[in-house]
Protein chains: 2
Amino acid sequence: MDNNSPELDTIFLAFADSTRRAVLRRLGDGPASVSDLAAPFDMALPPFMKHIRTLENAGLITTEKVGRVRTCELNPEKYAAVEDWLKEQRQQWASRYRKLDQLLKQLKEKDK
Amino acid sequence: MDNNSPELDTIFLAFADSTRRAVLRRLGDGPASVSDLAAPFDMALPPFMKHIRTLENAGLITTEKVGRVRTCELNPEKYAAVEDWLKEQRQQWASRYRKLDQLLKQLKEKDK
């Protein structure tokens, strides 16, 4: 995903909250209803629903309402975008350290 | 790092902006002065400095002022916390899929 992608903004923003991270972790065990997800938190339903919507807008989860129950499910594919971005950063440093290593070797050769 | 860690909040928040991600990418090539980092952006210095401070507060970069020049440097160690968190999530899904696989096998055995 492009570094400028607004999608990365919404994903990282969704990760930047411990309640939302806890919901994602819970959904890693399988789908769950909003009320089950909300149970461990000392939080009214409207602010909790806001967290759910933030996760849904970021594409990290999907939700489906059947009757009066809204069920949430994790969408692991979105994590790949973040992992790719982190991997690119790592590759960049690795390439820089290789270049510094080469430079150091050249300087040592000159000293001999 | 603990899922509830406020440190993860500040790191993910720092990542949730394309200007800050671009600064991190540039710093992957080596240290740079704030004015060099700001050059590619059509942005006044005060809002740009705010981005720099957000990255510094998250521990993703360190800065040092010598004379009138503030130089920024990447702190790759902080990325490890994010990578660990993502890895934990992946391991959780993997464990869930293994359990589902086993369940499917058991159901198939029963059918025989």
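Provided above is the structure to which this section pertains.
All figures in this text were calculated on a predicted structure; none of them were measured in a lab.

Calculation criteria
- Residues numbered from 1 in each chain as written.
- Chains lettered and ligands numbered in written order.
- Predicted model: local features only at pLDDT ≥ 70, side-chain atom pairs only at ≥ 80, totals over all residues.
- Heavy atoms only, no water.
- Contact = heavy atoms within 4.5 Å.
- Buried area = accessible area lost by both parts, 1.4 Å probe.
- Salt bridge = Lys/Arg side-chain N within 4 Å of Asp/Glu carboxyl O.
- Polar contact = N/O pair within 3.5 Å; in protein donor to acceptor, adjacent residues only side chain to side chain.
- Helix = DSSP H or I, 4+ residues; strand = E, 2+ residues; numbered from the N terminus.
- Pairing = 2+ DSSP bridges.
- Least-squares fit on C-alpha atoms with pLDDT ≥ 70 in both.
- Core = buried A, V, L, I, M, F, W, Y, C linked by side-chain atoms within 4.5 Å.
- Buried < 20%, exposed > 50% of the residue type's maximum accessible area, 1.4 Å probe, protein only.
- Axes fitted to C-alpha atoms, helices over the stretch in contact; angles between N-to-C directions.
- Parallel < 35°, antiparallel > 145°, perpendicular 65-115°, else oblique.
- Left-handed = near helix turned anticlockwise from the far one by under 90°.
- Phe/Tyr/Trp six-rings, centres within 6.5 Å; stacked < 30°, edge-to-face > 60°.

(A) Examining the interface of chain B and chain A more closely. With 34 residues of chain B at the contact, the number on the chain A side is 34 residues. Of the roughly 3300 Å² buried between chain B and chain A, counting both surfaces, carbon and sulfur atoms make up 52%. Of all residues in chain B, Arg 21, Arg 25 and Trp 93 of chain B bury the most surface against chain A, accounting for 21% of the area lost on that side. On inspection of chain B and its partner chain A, the count reaches six salt bridges. For Asp 9 of chain B, the salt bridge goes to Arg 21 of chain A, with nearest N and O atoms at 2.8 Å. Connecting chain B to chain A are 14 residue pairs in polar contact (both at pLDDT 80 or more). When contributions to the side of chain B that touches chain A are tallied by element, the ones reaching two or more residues are helix H1 (6-15), helix H2 (18-27) and helix H5 (77-111) of chain B.

(B) Inspection of the pairing of strand S3 (residues 69-74) of chain B at higher detail. All names here are of chain B. Two strands pair when backbone bridges link them, and strand S1 (residues 32-33) and S3 are joined in this way by two bridges, in the antiparallel orientation. The residue bridging Ala 32 from the neighbouring strand is Cys 72, located in S3. Inspection of the sheet shows strand S2 (residues 61-66) paired to S3 by six bridges, in the antiparallel sense. Bridge pairing in S3 links Thr 63 to Cys 72. Adjacent in sequence and paired antiparallel, S2 and S3 are bridged by two residues, among which Gly 67 carries a positive phi angle near 65 degrees.

(C) The pattern of salt bridges, seen in detail. Considering all chains together, one arrives at eight salt bridges over all chains under this definition. Here Arg 90 of chain B makes a salt bridge to Glu 83 of chain A, at a shortest N to O gap of 2.8 Å. Pair noted here: Arg 90 of chain B is in helix H5 and Glu 83 of chain A is in helix H5 (residues 77-111), and the two residues belong to different chains. For the salt bridge of Lys 78 of chain B with Glu 7 of chain B, the shortest nitrogen-to-oxygen distance reads 2.0 Å. Residue Lys 78 of chain B is located in helix H5, and its partner Glu 7 of chain B is located in helix H1; the two are separated by 71 residues in the primary sequence.

(D) Just the relation of the copies chain B and chain A, in detail. Placing chain B over chain A gives an RMSD of 0.0 Å and needs a rotation angle of 180 degrees, together with 0.0 Å of translation along the axis. Both chain copies can therefore be described as sitting about a two-fold axis. Looking at chain B, 100% of its interface residues are interface residues in chain A too, so the copies touch through the same face.

(E) Quick look at the nonpolar core. Core analysis: the biggest nonpolar cluster contains 54 residues, and Phe 15 of chain A together with Phe 15 of chain B have the highest contact counts within it. If sequence neighbours within four positions are ignored, Phe 15 of chain B has contacts with Phe 12, Trp 85 and Leu 86 of chain A together with Arg 21, Leu 24, Leu 60, Tyr 79 and Val 82 of chain B.

(F) Here's a closer look at the side chain of Arg 20 of chain B. Inspection of the secondary structure puts Arg 20 of chain B in helix H2. Here the side chain of Arg 20 of chain B touches Leu 13 of chain B through a polar contact of 2.9 Å, landing on its backbone oxygen.

(G) Local environment of the packing of helix H2 (residues 18-27) of chain A against helix H4 (residues 45-57) of chain A. Residues and elements named next belong to chain A. As a packed pair, H2 and H4 sit with axes 10 Å apart at the nearest point and diverge in direction by 65 degrees. For the element pair H2 / H4, the angle class is roughly perpendicular. When you trace H2 past H4, the crossing you get is right-handed. Contact residues: H2 offers Thr 19, Arg 20, Val 23 and Leu 24, while H4 offers Phe 48, His 51, Ile 52, Thr 54 and Leu 55.

(H) Region of the structure containing the environment of Arg 20 of chain B. All names here are of chain B. Residue class for Arg 20 comes out buried when judged on its relative accessible area of 11%. Distance in space between the C-alpha atoms of Arg 20 and Asp 101 is 42 Å, their sequence separation being 81 residues. Once you skip the residues sitting within four places of it in the chain, Arg 20 turns out to touch Leu 13, Ala 14, His 51, Thr 54 and Leu 55. In terms of polar contacts, Arg 20 uses its side chain to reach the backbone carbonyl oxygen of Ala 14, at 2.9 Å.

(I) Local environment of the packing of aromatic side chains. Considering all chains together, one arrives at 11 aromatic pairs over all chains under this definition. Considering the side-chain rings of Phe 15 of chain A and Tyr 79 of chain A, the 5.5 Å spacing of their centres and the 50 degrees angle between planes classify their relative orientation as tilted. With Phe 15 of chain A in helix H1 (residues 6-15) and Tyr 79 of chain A in helix H5, this residue pair connects regions lying 64 residues apart in the sequence. Of the two residues examined, Phe 15 of chain A and Tyr 79 of chain A, each falls in the buried class. Taken together, the ring pairs in this structure connect Phe 12, Phe 15, Tyr 79 and Trp 85 of chain A together with Phe 12, Phe 15, Tyr 79 and Trp 85 of chain B into an aromatic cluster.

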